[in-house]
Amino acid sequence: MNNSLETEHVQCLIIGSGPAGYTAAIYAARADLKPVLYTGMEAGGQLTQTTDVDNFPGYPNGVMGPEMMEDFRKQAERFGTDIRFGYVSSVDFSSTPHRVVVDEIKTITADTVIISTGATAKWLGLPSEQKYNGFGVSACAVCDGFFFKGQDIAIVGAGDTAAEEATYLAKLCKKVYMLVRRDEFRASKAMVHRVLNTPNIEVIYNSEATEVLGNGKNVTGIKVLNNQTGAEQELAVEGFFVAIGHQPNTAIFKDWLDMDETGYLKTIPGSTKTNVEGVFACGDVQDHYYRQAVTAAGSGCMAALDAERYLAAKEAV
Ligand code: NDP
């Protein structure tokens, strides 16, 4: 833990700037908690990596992900949130107020901490996957499936998420190729059963996507390697979905907060309370199941209300 001389005290510190963090900020600022929000290195979070967002209520004509996060930021600022670009490098939740170090040099003590650091989608790591990210390549079927209505797509992954997303996409798309890298799924039996009984899903076992093909603007296909025979084939698809898991951004909290085996923060059901008093978690960092901007925003609102009530109860004692 850094013991820098530069220390500042705040009532409410929010870590992370996706829909959860900004919504927590709007509510906390309106409750006069004078929140300070650190954006992290990727201000705006995962939505700044997407293009069209058509499923966030209140935008009848859709909105671009980065533009929507800019709207969130402006709304949080309008009520006086102190938004700062910075990265929380370590925390110490052993006593109150909680101690948080920013950019390895500045120490902040906080009566309440709201964690909204999100989760990061795992990618295959192909340069072509990066190149077409947002232009046919996606890590979220519910967000982007609609854009591929009636088209052929491929999805990689064999867990519950991939199975669920493949069946979701099968309802919208003409054909879904599902690339499974081993000769079996990781997903639960029930999910696999659903996949195998969906006529327009073709499962290709022992397969790896080696390149995303495109015309410079959009995806036009993928190259697939059979890792048993070494044979390669090209599939003509317009969309390529990567569903190989997410990594919650929780490394700095591992000594303090309860997490599941993947690293998602555990909260008391029906609340955003963690195992440490005065520390709350909202958004994807504590939700591997819904992972939507609107559900993250909803839990951000809950976190601010939980923080406000925690402070009020402390004051009343
Ligand atoms: P998982 O970690 O469970 O599965 C990841 C899948 O991606 C695995 O099949 C893995 O293959 C595959 N994979 C990983 N890296 C690569 C790669 N480089 N190339 C190809 N394939 C790769 O993640 P999920 O997101 O599916 O699920 C996370 C958790 O959420 C799980 O506990 C799951 O049960 C749960 N969940 C539950 C749901 C439900 O109950 N309805 C819905 C969604 C998620 P391999 O198997 O070979 O390792």
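These numbers come from a predicted model, not from an experiment. (Residues numbered from 1 in each chain as written. Predicted model: local features only at pLDDT ≥ 70, side-chain atom pairs only at ≥ 80, totals over all residues. Heavy atoms only, no water.)

Enquirer: Explain the overall build of the protein to me, using residue names and the numbers behind them.
Expert: Of regular secondary structure, the protein possesses 7 helices and 19 strands. Relative to the globule expectation of 20 Å for 317 residues, the C-alpha radius of gyration of the protein, 21 Å, shows essentially globular dimensions. Across the 317 residues of the protein, 51% fall into the buried class. Taking all contacts inside the protein whose residues are at least 6 apart in sequence as the whole, residues at least 24 apart take part in 59%. Surface accessibility of the protein: about 15,300 Å² in total, with carbon and sulfur atoms responsible for 51%. (Helix = DSSP H or I, 4+ residues; strand = E, 2+ residues; numbered from the N terminus. Rg over C-alpha atoms; globule rule 2.2 N^0.38 Å. Buried < 20%, exposed > 50% of the residue type's maximum accessible area, 1.4 Å probe, protein only. Contact = heavy atoms within 4.5 Å. Areas by Shrake-Rupley, 256 points an atom, 1.4 Å probe, with all protein chains shown as cover.)

Enquirer: Let's hear about the site of the ligand: which residues, and what values?
Expert: Close to the ligand lie 14 residues; Asp160, Thr161, Arg181, Arg182 and Arg186 are nearest. Between the ligand and the protein, one listed contact pairs an oxygen atom with a side-chain N or O atom of histidine 288 at 3.3 Å. In isolation the ligand offers 920 Å² of accessible surface; the protein chains occlude 72% of this area. (Near = heavy atom within 4 Å. Polar contact = N/O pair within 3.5 Å; in protein donor to acceptor, adjacent residues only side chain to side chain.)

Enquirer: Report on unusual backbone geometry, specifying residues and quantitative values.
Expert: Geometrically, the link from threonine 96 to proline 97 is a cis peptide bond, its omega value of -5 degrees lying close to zero. Along the polypeptide, proline 97 turns up in the loop between strand 6 (88–92) and strand 7 (98–102). If you check the backbone angles, aspartate 103 has positive phi at about 50 degrees while not being a glycine. Among the structural elements, aspartate 103 can be located in the loop between strand 7 and strand 8 (106–115). With a relative accessible area of 39%, aspartate 103 lands in the partly exposed category. We note that glutamate 104 has phi near 65 degrees; this positive angle belongs to a residue other than glycine. Residue position: glutamate 104 is located in the loop between strand 7 and strand 8. The exposed category is assigned to glutamate 104, whose relative accessible area is 57%.

Enquirer: An account of the nonpolar core is needed here, citing residue identities and associated values.
Expert: Ranked by size, the top nonpolar core spans 30 residues in total, and within it Ile14, Tyr22, Phe56, Met68, Phe72 and Ile114 carry the most contacts. Counting only elements with at least two residues in this core, the list comes to strand 1 (7–15), helix 1 (19–30), helix 2 (65–78) and helix 7 (293–316). If one sorts the elements of this core by residue count, helix 7 sits on top with 8 residues. Aside from chain neighbours lying at most four places away, what touches isoleucine 14 is Gly21, Ala24, Ala25, Pro35, Val36, Leu37, Tyr38, Ile114 and Ser116. One finds Ala158, Ala163, Ala166 and Phe185 within the second-largest nonpolar core, a separate group that totals 23 residues. (Core = buried A, V, L, I, M, F, W, Y, C linked by side-chain atoms within 4.5 Å.)

Enquirer: Give a description of helix 6 (residues 189–196) that names residues and reports values.
Expert: Looking at helix 6, one finds that the buried residues are Met191, Val192 and Val195. Considered in projection along helix 6, the buried side chains sweep an arc of 100 degrees and stay on one side of the axis. In helix 6, the exposed positions angled more than 90 degrees off the buried face are occupied by Lys189, Ala190 and His193. At its buried positions, helix 6 is contacted by helix 5 (160–172), strand 12 (175–179) and strand 13 (201–204). (Arc of directions from axis to C-beta.)

Enquirer: Please provide a residue-by-residue account of the pattern of salt bridges, values included.
Expert: All told, the structure shown has 10 salt bridges when counted by the stated rule. Ionic pairing is found between lysine 175 and glutamate 202, a salt bridge with its closest N-O pair at 2.7 Å. With lysine 175 in strand 12 and glutamate 202 in strand 13, this pair connects stretches of sequence that are 27 residues apart. Exposure remark for lysine 175: the relative accessible area of 24% places this residue in the partly exposed category. On the accessibility criterion, glutamate 202 (35% relative accessible area) is partly exposed. Among the ionic contacts, a cluster of salt bridges with common partners joins Glu8, Asp82, Arg84 and Lys106. (Salt bridge = Lys/Arg side-chain N within 4 Å of Asp/Glu carboxyl O.)

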